[in-house]
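As a plain string of letters, each chain reads:
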Amino acid sequence: MLLTGATGFVGAELLARYLKRTDRHVYALVRAPTDADAATRLRSVLADGGRANGDGLHRVTAVAADLERDGLGLSSERRAELARSVTDIVHSAASVSFELPLDDSRRINVHGTRHLLDLAREAQDAGGLDRFAHVSTAYVAGTHTGEFREDQLDVGQDFRNSYERSKFEAERLVRDAADAVPVQIFRPSIIVGERSTGWTTSFNVLYTPLKAFARGRLRLLPARESAPVDVVPVDYVADAIFTLATGRVEDHAETFHLVAGSAATTVGVLAERAARHLDRPPPRLVPPRLYRRVLHPLLVRIGPAHRRRALRRIETFFPYFTMRVRFDDRRARTRLSSAGVRVTPVERYLPRLIDFARAADWGRRRPRRR
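Residues numbered from 1 in each chain as written. Predicted model: local features only at pLDDT ≥ 70, side-chain atom pairs only at ≥ 80, totals over all residues. Heavy atoms only, no water.

Participant: Help me understand empty space enclosed by the protein, please; the structure alone is not making it clear to me.
Facilitator: Space left empty within the atom packing is revealed by a probe, the size of a water molecule, rolled over the atoms. A complete count under the given rule lists two cavities of 30 Å³ or more for this structure. Space inside the largest cavity adds up to approximately 150 Å³. For the largest cavity, the full set of lining residues is Leu206, Pro209, Leu210, Phe213, Leu218, Leu221, Val267, Leu270, Ala271, Ala274, Pro283 and Phe321. When contributions to the lining of the largest cavity are tallied by element, the ones reaching two or more residues are helix H6 (207-214) and helix H8 (267-278). Take the lining of the largest cavity: its biggest share by element is four residues, from H8. For the lining of the largest cavity, the residue count by class is 12 nonpolar, no polar and no charged. Put simply, the second largest cavity is a space of about 60 Å³. As for the second largest cavity, its lining consists of Tyr139, Pro228, Val229, Asp230, Gly261, Ala264, Met323, Val325, Arg326 and Phe327. No other element matches strand S15 (residues 325-327), which puts three residues into the lining of the second largest cavity. (1 Å grid on protein atoms, 1.4 Å probe; cavity = no way out; pocket = protein on both sides within 12 Å on 5 of 7 lines; lining within 4 Å. Points joined across faces, edges and corners; volume = space filled by probe spheres on them. Helix = DSSP H or I, 4+ residues; strand = E, 2+ residues; numbered from the N terminus. Nonpolar A, V, L, I, M, F, W, Y, C, P; charged D, E, K, R; others polar.)

Participant: How do you make sense of the packing of aromatic side chains when you look at a structure like this?
Facilitator: Aromatic ring pairs are defined here through the distance separating the ring centres and the angle between the ring planes. Inspection of every chain in the model, using the stated rule, returns 10 aromatic pairs. Pairing Tyr18 with Phe242 gives two aromatic rings, centres 5.1 Å apart and planes at 75°, and the pair type is edge-to-face. Of this pair, Tyr18 sits in helix H1 (residues 9-21) while Phe242 sits in helix H7 (residues 234-245), placing them 224 residues apart in sequence. Each member of the pair Tyr18 and Phe242 is classed as buried. With a centroid separation of 5.5 Å and an interplanar angle of 70°, the aromatic rings of Phe203 and Tyr207 are classed as edge-to-face. Residues Phe203 and Tyr207 agree in their burial class; the two are buried. (Phe/Tyr/Trp six-rings, centres within 6.5 Å; stacked < 30°, edge-to-face > 60°. Buried < 20%, exposed > 50% of the residue type's maximum accessible area, 1.4 Å probe, protein only.)

See below:
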């Protein structure tokens, strides 16, 4: 099989599961100048995740590649060799930045997916491909309100940032290829650390306002108290993708919401639980329109430059506390429950997330799994 994103948060967890639970050989595409550099980078990531001495590392071949380049930056001979060797492709590489210019997000998320689909078609022609599994995001729903189903994509929505739009465009490419290539699409919501330990290497989205709150810098939050906040732990996401991507592809472009769904928390509950654990008063929730029209201009005008920069960073995530969408995950729940893979409400493990993040100084220290 071939895996992209193996040096990323979710991808490294996926790689560990394929090595521990199967006997497959894994080709891991890694952005690096040479295969030796790719292998070094991969070993470093696995060591940080507590996987350096894990099962099956001898079955990984790190391949230096560049998803943004035509042909993945590989020679025609190397690409043909991969096409002949792989029966499954799992594409988890992506930029998850909300702040990149749209052209940059498209180059990574859209063009990278297009180039990998080209390899998938080569593999199909070279002897057959069992699946092309694409890790998308539930937030391809964009600004849609109400229920968003697993079989929906384009519902006339707009998008909050370049990440959402580029992932929507990438998923559309994958769906368009489903007539020629067996496709699975996985849509996780906000991914946080491991349930049992809080371990993470990715301190964004939920962690940014949590960090500000823990340091006493988030006293106001533009949000609706009842707005859903859909959070899933990385171990659930990796277990779900592994389970579904090693089963049969049963439908045309079958799509799975890997979300909390009916177990999602709300802004009010999340703020109260975080405040209780940190022994602080919860932030005051203010109407988003009031914040935009009155409070934001005031804060920008009176604050020093470093606080204005910090405010801009945190404001990127505020729209996720005013959402009016709920993700239907019936297909995923039906398929996963029989395998014993179930999501856990974030309230049950939020203290572990906070404790680990504080111990890692919100990512400034190199986090290692306990």
